[in-house]
Amino acid sequence: MAETTVKKLAETVGMPVEKLLSQMKEAGLPHGDASEEVSGEQKQQLLAHLRKSHGAKTDDAKKITLKRKSTSTIKTTGAAGKAKTVNVEVRKKRTYVKREVLEAEEREEAERKAAEEAALQAEQAKREAEEAVKRQAEEEAARKKEEEAKAAAEVGRKVAEEKAAEEKAKRVAVPKAATAKKPAKEETPEEKAKREEEERKQREAEEARRKQESEARKKAEEEAARRTAEEAARIAAELEKRGDQPEKKAEEEVDDGSSIVVAAQEASYQREERQSRRRRRKPKSSGVAHGQMKSSMNKAHGFKAPTEKKIMEVEVPETITVGDLAQRLNIKSKELIKSLMKMGEMATVNQLIDQETAILLVEEMGHKAVAGKGEEEVLEDHLADMVNRDGAELADRAPVVTIMGHVDHGKTSLLDYIRKAKVASGEAGGITQHIGAYHVEHEKGMITFLDTPGHAAFTAMRARGAKATDIVVIVVAADDGMMPQTEEAINHAKASGVPIIIAVNKIDKEQADPDRVRTELAAKEVIPEEWGGEHQFINVSAHSGEGVDDLLDSILVQSELMELKAPAHGPATGVVIESRIEKGRGTVASILIQGGELNIGDMLLAGAHFGRVRAMIDENGKPIKKAGPSIPLEVLGLDGAPEAGEQVQVVSDERKAREVAEFRQDRDRDVKLKRQQASKLENLFANMGSAEASTVNIVLKTDVRGSLEALTGALTDLGTDEVKVNLVSVGVGAINESDVNLAMTSEAVLLGFNVRADTKAKKLCEQEGIDLRYYSVIYELIDDVKQAMSGLLAPEKREEILGTAQVRDVFRSSKFGAVAGCMVIEGTLYRNRPIRVLRDDVVVFEGELESLRRFKDDVAEVRNGMECGIAVKSYNDVKEGDKIEVFEVKEVARSL
């Protein structure tokens, strides 16, 4: 931490120097003058003292937890074939812990593991010692037992020798006298006692050995009997389940432990004996029914129908025939056809059904269906394996920041000041109509900016910019406040789940009111940090540059908290920002690299298009040879203009890239045809009997894909029930001769947005009288189409009351019938205008006048306050007190 003086520290914290010196003195610091330096340790000591004096805990926060919540939508198809939208909310939580806390925890964990290991070693040593003592005791007992057995054998040998000697002595004829004089050997009392003691010990050892052998033999017999009974019961149960009745079998003593084999062999022998008896048995009659024979055969072989239905797991591909599905379900095809007929589907055995119908059919049959991977999923998985970077080294990358907001709030001007360039002056009408991508080298790091349009027609562009970004900066003019596109930009950013930074622009104007902006955004749940929220509000001025450094610092701090990383090497991946077709250069795609490294010569796959990279150009128009993460650039070499927002990746195999691109093109074409067919079928009965709506046929060509998408959506939304916009053809690039021919055939208007027609196309337009118009501002194009559609609207009919007369008396005339004597009370009565007869202010007749006279003269009109005679044509029921109303119908042109 850098050292500073007491005076500078007081200015930084915003308090008087004297108060700061008194607090430093209370904290035990030796400072007494404002010019003395304060070190980092002394600042920490002062901060700890102030925290302690305010009752705060002295220990620092050990961890910081960041929570993030993102909401997205998934469109799926339900069981009835209707599309439904599922909202998916993903909550993420990340905790940052101080390094010293982690080191302390690691030390504690290591000490705990060392203690546990020491305890385990001690326990193992103790167990080994006990086993050694036990083993030694057993060896000692065995040795004693062996010595006793040897002693007993020695005693027995001696006794046998003595007996043999006595018998030999008896057999030898020796005079008694000689024998009596000197006996062969005389045993002493001590030897006799010793011999008796050894014989007693030998008998006890022999009895103990016999007892131990008897107990072991008894346990073995009991275990063998138990195992024999269990195995016999199991075999009997199996035979009973198969339909065989086991006969009573005699018990066998098994001394060698093979009870399982004996029981199984016995059951097999009995089964074979019963089957041989059945074969020898003769049938009572020759007309045995086939069903009885089949039943006896099933009983003989032990077959029995399963009692429970087996539920199978069936994998269902994208399309499958009825016969193949029946084979997978192990049922007959006619059963599946019956189920399909119950569901309202008529199908044959070889007819293909889609995956959704097959899944419903499998579930209807009581089995579990598993959706198999289609060809598209297999290709995408293979592509993912080709760019698999598991184990790749991750490096820090620059943040991608999207500038969003309402039109003319200063987004591009703010970016101009940051880039020190004049981009806004080159935009048509002063508004941004493409996504501009730039990267800025700041003194604290690099930042990549995406500038999105603010006009309402560019909603898809703003949504695309929010999906490809890490941080969103929403620019709000301090003198204008929150506008519709501001709210829409906030919703896009929240849906993408990225951090939001609010840049309050134009604060240098007199009518600027930053607090009003904070209040309006707080109503939309964007709460400033100073109000206790989590969103940063930075006051900036794109004109003077005030607050721009604070905005860049906030962006870099936020990116450091997010720990943005990406693989710096390997196959590149990214997203298409914009694409266009230029004469002489071919397809030019603006892409943003999100990971890996892109080099010249790489095979690039972008949506439904592919190609080898021929050249790479940065946003300043300079050629480059390679680009890493978070770098925007233009790429030349693709075979077509990919849709904005498509994923881009480098593949090593050109054949695989071509295969995937062609598959995606076929898929998009099929989806488009299905959508058109569904639209025709839905509108077939709705349009039946109604007047045919007028259409404005348009052939539209634009410079880039993003503008084409915005204009297509805006023009389609202009349609009503009476007049609609029919986009005969839309595309990117210059207007050519084929576009003019198509417009001539379909009687369409040719509109070019930021593009021009070539010489042949322009000459053909002049010859055939085709209406060709050029535009560079989206407002003007939409307004002209609105006027053309308004001209096709049927005019609106409005009635205008010209005059009213009140009947004062009724006369009878032989020529006209009933003639009403009237007084004009309002407006003027005209002879040749339609009339209505009102009685009690209710219309009773509507027609025209037969005669209008003033005295005896026929007149064309009678003004207010004058009397006249009126004869109503084909109506003689005029009564006194009725009112005769003269009106006319005018047609008024309508507009959208």
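Below is a summary of the structure that appears in this document.

Criteria and thresholds
- Residues numbered from 1 in each chain as written.
- Predicted model: local features only at pLDDT ≥ 70, side-chain atom pairs only at ≥ 80, totals over all residues.
- Heavy atoms only, no water.
- Phe/Tyr/Trp six-rings, centres within 6.5 Å; stacked < 30°, edge-to-face > 60°.
- Helix = DSSP H or I, 4+ residues; strand = E, 2+ residues; numbered from the N terminus.
- Buried < 20%, exposed > 50% of the residue type's maximum accessible area, 1.4 Å probe, protein only.
- Lys NZ or Arg CZ within 6 Å of the ring centre and 35° of its normal.
- Contact = heavy atoms within 4.5 Å.
- 1 Å grid on protein atoms, 1.4 Å probe; cavity = no way out; pocket = protein on both sides within 12 Å on 5 of 7 lines; lining within 4 Å.
- Points joined across faces, edges and corners; volume = space filled by probe spheres on them.
- Nonpolar A, V, L, I, M, F, W, Y, C, P; charged D, E, K, R; others polar.
- Pairing = 2+ DSSP bridges.
- Axes fitted to C-alpha atoms, helices over the stretch in contact; angles between N-to-C directions.
- Core = buried A, V, L, I, M, F, W, Y, C linked by side-chain atoms within 4.5 Å.
- Parallel < 35°, antiparallel > 145°, perpendicular 65-115°, else oblique.
- Left-handed = near helix turned anticlockwise from the far one by under 90°.

**A word on the packing of aromatic side chains**
Tallied over the full model, the rule gives 1 aromatic pair. Taking 4.6 Å as the distance between ring centres and 15° as the angle between the ring planes, the aromatic pair formed by F845 and Y875 counts as stacked. Highlighted residues: F845 in strand β35 (residues 842-854) and Y875 in the loop between β38 (867-872) and β39 (883-892), separated in sequence by 30 residues. Residue F845 shares its accessibility class with Y875, and that shared class is buried. If you follow R833 out to its NZ or CZ, it ends over the ring of Y830, 5.5 Å from the centre.

**Quick look at the environment of I471**
Following the sequence through the fold, I471 ends up in strand β13 (residues 471-477). I471 sits in the buried class, given a relative accessible area of 0%. Other than its neighbours up to four places away in sequence, I471 contacts P399, V400, V401, T402, P499, I501, I555, Q558, S559 and M562.

**Regarding the layout of surface pockets**
Reported here for the second largest pocket is a volume of approximately 1200 Å³. In this structure, the second largest pocket is lined by 32 residues; those nearest its centre are K67, R68, G497, V498 and P499. The set of elements that each furnish at least two residues to the lining of the second largest pocket consists of β3 (63-77), β4 (83-97), α15 (484-496), β14 (500-505) and α17 (548-562). Counting residues per element, the lining of the second largest pocket draws most heavily on β3, which supplies 6 residues. Taken together, the residues of the lining of the second largest pocket break down into 11 nonpolar, 8 polar and 13 charged.

**Quick notes on the sheet that holds strand β25 (residues 632-636)**
The 8 strands are arranged β21-β20-β26-β17-β18-β25-β22-β23 in an open sheet whose pairing can be described as antiparallel. Two strands bound the open sheet, and with one partner strand each, they are β21 (609-612) and β23 (623-624).

**Quick word on the sheet that holds strand β29 (residues 749-753)**
With respect to topology, 4 strands assemble into an open sheet ordered β28-β27-β29-β30, the strand pairing being parallel. The sheet is open, and its two edges are formed by β28 (723-732) and β30 (772-775), each paired on a single side. With direction set aside, neighbouring strand axes in the sheet form an average angle of 25°. Here helix α20 (residues 737-746) sits on the sheet in contact with β27 (694-702), β28 and β29, set at roughly 180° to β27.

**Digging into the nonpolar core**
Nonpolar side chains in soluble globular proteins generally cluster together in the buried interior. Counting residues in hydrophobic clusters, the biggest one holds 24 residues, and the most contacted among them are V401, L414, F449, V473, L551 and I555. For this core, the secondary-structure elements that each account for two or more residues are β10 (400-405), α13 (411-419), β11 (436-442), β12 (445-451), β13, β14 and α17. For this core, the element with the highest residue contribution is α17, accounting for 6 residues. Apart from the residues lying within four places of it in its own chain, the contact partners of I555 are P399, V401, I447, F449, I471, V473 and I501.

**Considerations on the packing of α20 against helix α21 (residues 759-768)**
Close contact between α20 and α21 brings their axes to 8 Å; oriented N to C, the two are set at 25°. Taken together, α20 and α21 sit at an angle that is classed as roughly parallel. Seen along the crossing, α20 lies across α21 with a hand that is right-handed. Note on element contacts: α21 touches α20 through K760, A761, L764, C765 and E768, opposite E737, V740, N741 and M744. In terms of residue class, the contact of α20 with α21 is built from 5 nonpolar, 1 polar and 3 charged.

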